[in-house]
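# Examination of the molecular architecture
Each chain, letter by letter, is given below.
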Amino acid sequence: MTEQTKGALSRRKFVKTTAAAAIGASGAIAGFPAIAKPKHKLRYITIINRKTVWGKCYDFLAAEVDRMSGGELKIEYAGGSEVISGFDAPEAVAKGVFDMSHSANAYFAGAMPSSISLASGTASIERLRETGVLDAYADVLMQKRGVMLLGIPMSGVGYVFQVTFKPTDLSTFKGRKIRSIPLYDPILEALGSVPVTVAPAEAYTSMERGVVDGLGWPDIGLLDFKFYEHAKYIVSPTFYTLRSTHLLNPNSFKKLPKELQDVLMKASRSADKIGAAWCKKTRDEEHAVMKKHGLEIVELPPADAKRFVDLTEEKLWAKILKQSPENGARLKVLFDKAAA
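Rules used throughout
- Residues numbered from 1 in each chain as written.
- Predicted model: local features only at pLDDT ≥ 70, side-chain atom pairs only at ≥ 80, totals over all residues.
- Heavy atoms only, no water.
- Helix = DSSP H or I, 4+ residues; strand = E, 2+ residues; numbered from the N terminus.
- Expected span 1.5 Å × (residues − 1).
- Buried < 20%, exposed > 50% of the residue type's maximum accessible area, 1.4 Å probe, protein only.
- Contact = heavy atoms within 4.5 Å.
- Core = buried A, V, L, I, M, F, W, Y, C linked by side-chain atoms within 4.5 Å.
- Axes fitted to C-alpha atoms, helices over the stretch in contact; angles between N-to-C directions.
- Parallel < 35°, antiparallel > 145°, perpendicular 65-115°, else oblique.
- Left-handed = near helix turned anticlockwise from the far one by under 90°.
- Nonpolar A, V, L, I, M, F, W, Y, C, P; charged D, E, K, R; others polar.
- Arc of directions from axis to C-beta.
- Pairing = 2+ DSSP bridges.
- Polar contact = N/O pair within 3.5 Å; in protein donor to acceptor, adjacent residues only side chain to side chain.

## As for helix H3 (residues 56–69)
The end-to-end C-alpha separation of H3 is 20 Å, in line with the 20 Å expected for 14 residues at 1.5 Å each. Extensive coverage of H3 is indicated by the burial of ten of its 14 residues. Taken together, the buried positions of H3 are occupied by Cys57, Tyr58, Asp59, Phe60, Leu61, Ala62, Glu64, Val65, Asp66 and Ser69. Contact partners of the buried residues in H3: strand S1 (40–45), strand S2 (73–79), strand S3 (100–103), strand S4 (148–151), strand S10 (245–248) and helix H10 (258–292). Phi for Gly70, located one or two positions after H3, is positive at around 65°.

## Thoughts on the nonpolar core
If you look at the biggest cluster of nonpolar residues, it comprises 108 residues, and the most contacted ones within it are Phe161, Leu183 and Leu264. The element contributing the most residues to this core is H10, with seven residues. Not counting the four nearest positions on each side in its chain, Leu183 is found in contact with Ala106, Ile116, Ala119, Tyr159, Tyr240 and Leu316.

## Description of unusual backbone geometry
Here the bond from Ser236 into Pro237 is cis, since omega is 15°, no more than 30 degrees from zero. Here the phi dihedral of Ile48 falls at roughly 60°; this positive angle occurs in a residue that is not glycine. The residue Tyr240 is not glycine, and still its phi comes out positive at about 55°.

## Description of the packing of H3 against H10
Remark: H3 packs on H10, axes separated minimally by 8 Å, with the N-to-C direction vectors making an angle of 140°. What the angle tells us is that H3 and H10 run oblique. Like other packed secondary-structure pairs, H3 and H10 cross with a definite hand, here right-handed. Residues Lys56, Phe60, Leu61, Glu64, Val65, Arg67, Met68 and Ser69 of H3 form the contact with H10, whose participating residues are Leu260, Val263, Leu264, Lys266, Ala267, Ser268, Ser270, Ala271, Ile274, Gly275 and Trp278. Class assignment for the residues of the contact of H3 with H10 results in eleven nonpolar, four polar and four charged.

## What to know about helix H12 (residues 325–339)
End to end, H12 covers 20 Å across 15 residues, agreeing with the expected 21 Å (1.5 Å per residue, within 8%). Within the span of H12, buried status applies to Asn327, Gly328, Leu331, Leu334, Phe335 and Ala338. Angular distribution of buried residues about the axis of H12 spans 140°; they occupy a single face of the element. Within H12, the exposed residues directed more than 90 degrees away from the buried face are Pro325, Glu326 and Val333. As for H12, its buried residues are in contact with helix H5 (125–130), helix H6 (133–145) and helix H11 (302–323).

## Details of the pairing of S10
Neither face of S10 is exposed, since Thr245 and Leu247 on one face and His246 and Leu248 on the opposite face are all buried. Judged from the four bridges that link them, S3 and S10 form a sheet pairing that is antiparallel. Paired with Ser101 across the two strands is Leu247, which belongs to S10. With three bridges connecting them, S4 and S10 associate as antiparallel partners. Of the residues in S10, the one forming a bridge with Met148 is Leu248.

## Points about the side chain of Asp66
Within the secondary structure layout, Asp66 lies in helix H3. Engagement of the side chain of Asp66 in a polar contact is seen with the side chain of Lys74, the distance being 2.8 Å.

So this is what it looks like as structure tokens:
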């Protein structure tokens, strides 16, 4: 479901249907033996589903919370896209249907245009924290979406375009239809491509049927969907930096005792570090496997490569500043500081 169709759901129907689905999907937590019956639980939903790389962050966070709380706090897996669309998850967390979610920042760009700023540059999470980027981003997130920024569970890798045609230079993108989200739209438009909104679960079929000629995607998780069966080329260099989010309902957080609030924050930072290292390792392993299946990573000519990376940042911030001038300007100053 896209952001455009999301508005068609009434609040009552939205809460009723997603809550019912959650009850059916949130059984026992696999892989974590109970130390004792937890006194507090937080229900967690993820992008797509737990069997993909996007579900791995749950394992890291749940394990760290379990370890640091001694079993007093449990992060309970409630499902993925089989329960609720990733586009609808932030609203569900804000309303308290679920306590937390793993979300892509571009999935709530409709209500918070500056959300996509989180992809800018290559600074580490530590650097973004030191320079005040994450505090400012969290402040805007609370204002616009009514949810807390708990952490950045996936980071350390970039984004790529994986395509069915061999991209000899940037001109080969002209007229091509590429699966997109708000994060990629301005880049593709500048290259003369046609952005096409397609749900992640439908991306493979869309390429198979020729609906799109490729897709934009983080440089991880590509192997899960076997895109290489139709899209044999990945464009290099990468652009932006993947920084997904853990969103948390503020009331759910306030209901926790102070000591468990502290545990949750500490466990989140630990899980974020584990996730960043895991992303880099997994990216390398995925590339190796896909190359065995005929995937080719195509390096753009040096001049085009520089123009491409510069273009991605230019278009990202131009879009943010146009749609959210005040918050965009506030965040850009801090991102520039982080990059210095």
